[in-house]
Amino acid sequence: MSSQLPSLGFAGIGLMGLPMCRRLLAAGYPLTVWNRSPDKCAELVAAGARLAASPAALCRDSDMVLLCLADTPVVREVVFGEQGIAQGGRSGQLLIDFSSLEPTATREMAAELAALCGMAWLDAPVSGGTPGAEAGTLAIMVGGEAADLQRAQPVLLTLGQRVTHMGAVGAGQVTKACNQMIVACNALVIAEVVALAEQSGVDATLIAEALAGGFADSKPLQILAPQMAESRFEPIKWHVRTLLKDLDSAVKFAREQGSATPLSGLAAQLMRLHGSQGYLQKDPATLVSLYRSKG
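Residues numbered from 1 in each chain as written. Predicted model: local features only at pLDDT ≥ 70, side-chain atom pairs only at ≥ 80, totals over all residues. Heavy atoms only, no water.

The chain appears in an unreviewed UniProt entry as NAD(P)-dependent oxidoreductase from Pseudomonas kermanshahensis.

In C-alpha cells, the structure reads:
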C-alpha cells in the first residue's frame, strides 16, 4: 500500500514536528527527515524514516516537502541557504509549510521558489498545539492553489481534523495570525482572572469548571486556568517566545495593511515584558506570575 502513497520529506523535528512525523509514519507514508541537530531524528529513524544530510537532499526522493520550523529567518535559510530546498527542488514538487510566518514574507518566498525551481508552495500553519499534533486533531489553515491543496489533502488529514482553504499563498499565515491574536489576548486576561481570584480569597482552581459552557468558556480557559491556578508550568507544551513572535508578526502585518490592532499590540508588549524576566523558553501558563504579588 505504501508504494501508492506520495513520499514525504520533513524538515524541523521539534515539539510539533516529532508527533506529526510519528503520525505520518504510522499512516504508512515513506518519510525522509532532516533537522539541524540530527539527534532529534533518532527516534523516527528507528521507526523507519530515512535521514537526509541536507534540505536539498530531502527533496531528492520526496514528492512533497513539509516544513515545521521556528520562524521566518529559519525557513528562509532552509529553503534558500546553502544546500537548501531551492537547490534540490524541481517542478511538480510541493512544499507545505506548517510554520507560523509573516504573511508578506511567505508570499515573497513562494514567488522566489517558483522562479528558481518551479516548486509550488502551500502555507499551512496549524493550531492545536502538541496535544493536537499527537492526536491528529490540528486545525490547518491553508493558502495556495486549490489544485495543490487537493494533492496535499490526504497528508493534511492525517495530521489534522479540519483543513480550510483560506485563499492564495499567504492567506493561511494571515489566518494563523488572527488565531494567535485571540489566543494571546485570551491567555493574558486568564492570567489576570486567576490572580484576581487568588488575591480575593476565591479558589482559582474552580474558575475553569465554574465558567465551563458559559459565554466566557474557551479552550485556553480550560487548559491555562487550571495550570495557572496550580502553578503547574511543566511539562512545557509551547513557549512564550512563540506567542511573542507570532504577536509581533501579526502587529507588523496589520500595520502594513493599515489595520489597527490595539489589544494585540498591548498583548505583545506584556508578552515581551514577561519574556524579558526570563520566561521566553517557558510555558505561557507562567503569565500568571506577571500579576501575582511578589510578597
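Still more to cover.
With respect to the secondary-structure elements, P73 resides in helix α4 (residues 72-80). Among the residues examined, P73 registers a relative accessible area of 53% and is labelled exposed. Expressed as a C-alpha distance, the spacing of P73 and A105, which sit 32 residues apart in the sequence, is 9.6 Å. (Helix = DSSP H or I, 4+ residues; strand = E, 2+ residues; numbered from the N terminus. Buried < 20%, exposed > 50% of the residue type's maximum accessible area, 1.4 Å probe, protein only.)

Going through the model one piece at a time under the given rule, you end up with seven salt bridges. R22 serves as the salt-bridge partner of E43, at 2.6 Å between the closest nitrogen and oxygen. Of this pair, E43 sits in helix α2 (residues 42-46) while R22 sits in helix α1 (residues 17-26), and the two are 21 residues apart along the sequence. Under the relative-accessibility criterion, E43 is labelled partly exposed at 39%. Classification of R22 as partly exposed rests on a relative accessible area of 36%. In this structure, the salt-bridge partner of K245 is D246, at a minimum N-O distance of 2.9 Å. (Salt bridge = Lys/Arg side-chain N within 4 Å of Asp/Glu carboxyl O.)

Mapped onto the fold, S99 is located in the loop between β5 (94-97) and α6 (103-117). A distance of 2.6 Å separates a polar atom in the side chain of S99 from a polar atom in the side chain of D97. Those residues within four positions of S99 in sequence are excluded, and the remaining contacts are L67, C68, L69, V75, P125 and Q173. (Polar contact = N/O pair within 3.5 Å; in protein donor to acceptor, adjacent residues only side chain to side chain. Contact = heavy atoms within 4.5 Å.)

Our next topic: the pairing of β5. Burial along β5 is two-sided: the face carrying L94 and I96 and the face carrying L95 and D97 are both buried. Taken together, the four bridges between strand β4 (residues 64-67) and β5 define a ladder with parallel strand orientation. The partner of L67 across the bridge, within β5, is D97. One ladder, built from four bridges, connects β5 with strand β6 (residues 120-123); its direction is parallel. Bridge pairing in β6 links D97 to D123. Traced from β5 through α6 to β6, the parallel crossover comes out right-handed. (Pairing = 2+ DSSP bridges. Right-handed = clockwise from strand over helix to strand, strands pointing away.)

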